[in-house]
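The chain contents come next:
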Amino acid sequence: MTTLNPAQINQYDSDDMLHLLSGFSEQCKRGWEIGESFKLDRDDGQPPSNIVIAGMGGSGISGDLAKAVIGARSTCPIIVNRGYSVPAFVTAQTLFIAVSYSGNTEETLLSVEQAAAQGANILGVTSGGKLKAFAEAHNLPCVTIPAGQPPRASLGYLLMPILSILDRLRLIPDFNFQSDLDETIDLLAQLAADFQPGITESLPKRLAGTLHGKLPIIYAPQELEAIATRWKGQMNENSKSLAYCSVYPEMNHNEIEGWKHPSALTQRCHVIQLHDPIAPPQTQRRMDITAELIEPHTAGVTAVHSQGSSLLARLLSLVAIGDWTSYYLAILYEQNPTPVERIEELKRRLET
Ligand code: F6R
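All values reported here derive from a predicted model rather than from experimental measurement.

J.: Describe unusual backbone geometry, with residues and values.
T.: A cis geometry characterises the amide bond from Tyr 248 onward to Pro 249, with omega recorded as 0°. Mapping Pro 249 onto the fold places it in the loop between β7 (244-248) and α11 (263-266). Omega for the bond connecting His 261 with Pro 262 falls within 30 degrees of zero, at -10°, which places this linkage in the cis form. Here Pro 262 is to be found in the loop between β7 and α11. In the Ramachandran plot, Arg 170 falls in the positive-phi region, its phi being about 60° despite a non-glycine side chain. Looking at the secondary structure, you find Arg 170 in the loop between α7 (155-168) and α8 (177-194). For Glu 334, which is not glycine, the phi torsion reads 60° and is therefore positive. Along the polypeptide, Glu 334 turns up in the loop between α13 (311-332) and α14 (341-351). The class for Glu 334 is partly exposed, based on a relative accessible area of 48%.

Take a look at the structure:
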C-alpha cells in the first residue's frame, strides 16, 4: 500500500481543494439557509404528479442524492434526467428542477427549454450563467447559490436548497429535517477534522493508499446508487483515475460472472463495497457472499460503512469518505485535484 507524504499536499493541491473539502459541513448549513430563505410563490398548490431533476456531472449528482434522501418516502416519482431531451410525461403537472452550477451546461439548458415548452413548473438552481438568464427572462423561480468554485465541490449548495424546497412543498412525508440536518452538520464537521492531512491515520488515506495503481470498482446496494456514482465521479474528476460502479442486487445477475477475464485486469481491480442499514437484509447477504466469491479474482475487497443515525447523515458521511479518498488518491497520483482540463476543453470545442 502506498503511503502519503504530507508535503505532497502543498505541492499538488495548488488550487486548495482541501479548503472546500474541509468546509463541506459549513456549506451544507449555508445551502440549507439559502433554500429556507428562498421565496416560494405558492407552497399550498396541488402536489406535482412527478418531479424531474435535470443536471449533469457534479450538478446532476445532487438530484441523485435528493432522490436517495427521500428514498422510499417519496409519494410521487422522482426522475433524474441527464441529457438533452425530456420525456413526454413532463407536463404542467411536473416539478422540473434544473440544476447547473455554472448555468451554462448545454444538456441542462436544452432540457429546461423543452420542459418549459411542455408546460412544466420550472425551478432553477444555479450560480448564474445562461440558466439564471433564462429564468429571469421567463420569470421563473431560480435559487442563486455562491459562484466561483468547482461544481463537484459545491454539493452542499446544490443539494440542500433542493431538499429544503421539497420539504417546504411537503413532498417529503414524515421528515424531521431540522434534527437530521443538525446531526449531519455536526458529523460532517467531525469527519473533516478526522480526515485532515495532519492526521496520520485516517480511513480516506488508507483507502487512497489501497486504490493507488488499481482500478477502483465501487459496489453498493441500489438504495446507495447515488453514493457509488459520486465516488466514481470524484475519482474520475479529482484523482484523474478510471473507476466504475454498479449496484446490488442487479450485479448478481450478470456482472458477478465477469470476474474472470481478462484476469490480468481483474487482478488489478480493487472492489469497495459501500454498506448502510438502508439496504434490505437480503442485499446485505448478497454483498457478503459476492465478496467471498469474487475476492480471489480481485486485488482485494474493502468494506466501507456509513456513519451517523439519520439517513441524511449516513449518506453524506459516505459522500465525505469518498470525496476525501479521491482527494488523497489525486495527491498519490501527483495530480492537482481541482482542474478538469478535458471537460473544459471538450466544452470549449463544442462551442465552436
Ligand atoms: C466540474 C464538475 C462537472 C460539472 C458538469 C456540469 O467540477 O463537477 O462534472 O458539474 O460538467 O456542469 P455544471 O455543474 O456547471 O452544470
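J.: Please give an account of the nonpolar core that cites residues and values.
T.: Within the largest apolar cluster, 82 residues are counted, with the highest numbers of intra-cluster contacts made by Ile 97, Leu 163, Trp 231 and Leu 274. Sort the elements by how many residues they give to this core and α13 lands first, with 15 residues. When residues of this core are assigned to domains, at least three map to each of domain 1 (38-175) and domain 2 (199-332). If near-sequence neighbours (up to four positions away) are discounted, Leu 163 is found in contact with Trp 32, Ala 66, Val 69, Ile 70, Ile 172, Phe 177 and Leu 312.

J.: Could you give me a rundown of the pairing of strand β9 (residues 300-305), with the residues and numbers involved?
T.: Where strand β8 (residues 269-275) and β9 come together, 6 bridges link them in parallel fashion. Across the sheet, the residue bridging to His 275 is His 305, located in β9. Handedness of the crossover joining β8 and β9 through helix α12 (residues 281-294): right-handed.

J.: Before we move on, could you go through the side chain of Asn 252 and cite the residues and values that matter?
T.: Turning to its location among the elements, Asn 252 is positioned in the loop between β7 and α11. Of the polar contacts made by the side chain of Asn 252, one reaches the side chain of Arg 286; its length is 3.1 Å. Asn 252 has contacts with Arg 286 and Thr 290, leaving out every residue within four places of it along the chain.

J.: I'd like a description of the sheet that holds strand β3 (residues 94-100), backed by residues and values.
T.: The strand order across the open sheet formed by 5 strands is β2-β1-β3-β4-β5, and the pairing between neighbours is parallel. Strands with a single pairing partner mark the edges of an open sheet, and in this sheet they are β2 (78-81) and β5 (142-144). Mean inter-strand twist for the sheet, computed between neighbouring axes without regard to direction, equals 15°. Of the pairings in the sheet, the one linking β3 to strand β4 (residues 121-126) comprises 6 bridges and is parallel in character. Within β4, the residue paired with Ile 97 across the bridge is Leu 123.

Thresholds applied
Residue numbers restart at each chain and count upward from 1, following the sequence in its written direction. Totals for whole chains, interfaces and linings use all residues, but because this is a predicted model, local features are given only for residues with pLDDT of at least 70 and pairs of side-chain atoms are given and counted only at 80 or more. Hydrogens are left out, water is left out, and the side-chain values use all remaining heavy atoms of the structure. Working definition: helices are DSSP H or I runs of at least four residues, strands are E runs of at least two. Numbering for both runs from the N terminus. Accessibility here uses a 1.4 Å probe with only protein chains present; expressed as a share of the type maximum, an area under 20% marks a residue as buried, one over 50% as exposed, and anything in between as partly exposed. By convention a nonpolar core is built from buried Ala, Val, Leu, Ile, Met, Phe, Trp, Tyr and Cys residues, the set being connected through side-chain atoms within 4.5 Å. Domain start and end points were adopted from an automatic or database domain assignment. Should any heavy atoms of two residues lie within 4.5 Å, those residues are counted as being in contact. A pair of strands is considered paired only if DSSP assigns at least 2 bridges between the two. If you view a crossover with the strands going away from you and the path from the first strand over the helix to the second runs clockwise, you call it right-handed. Throughout this description, a polar contact denotes any pair of N or O atoms lying within 3.5 Å of each other; where both atoms belong to protein, one of them has to be capable of donating a hydrogen while the other can accept it, and for residues adjacent in sequence the pair is counted only when both atoms sit in side chains. Between N-to-C directions, angles cover 0 to 180 degrees, with each direction set by a line fitted to C-alpha atoms, over the stretch in contact for helices.

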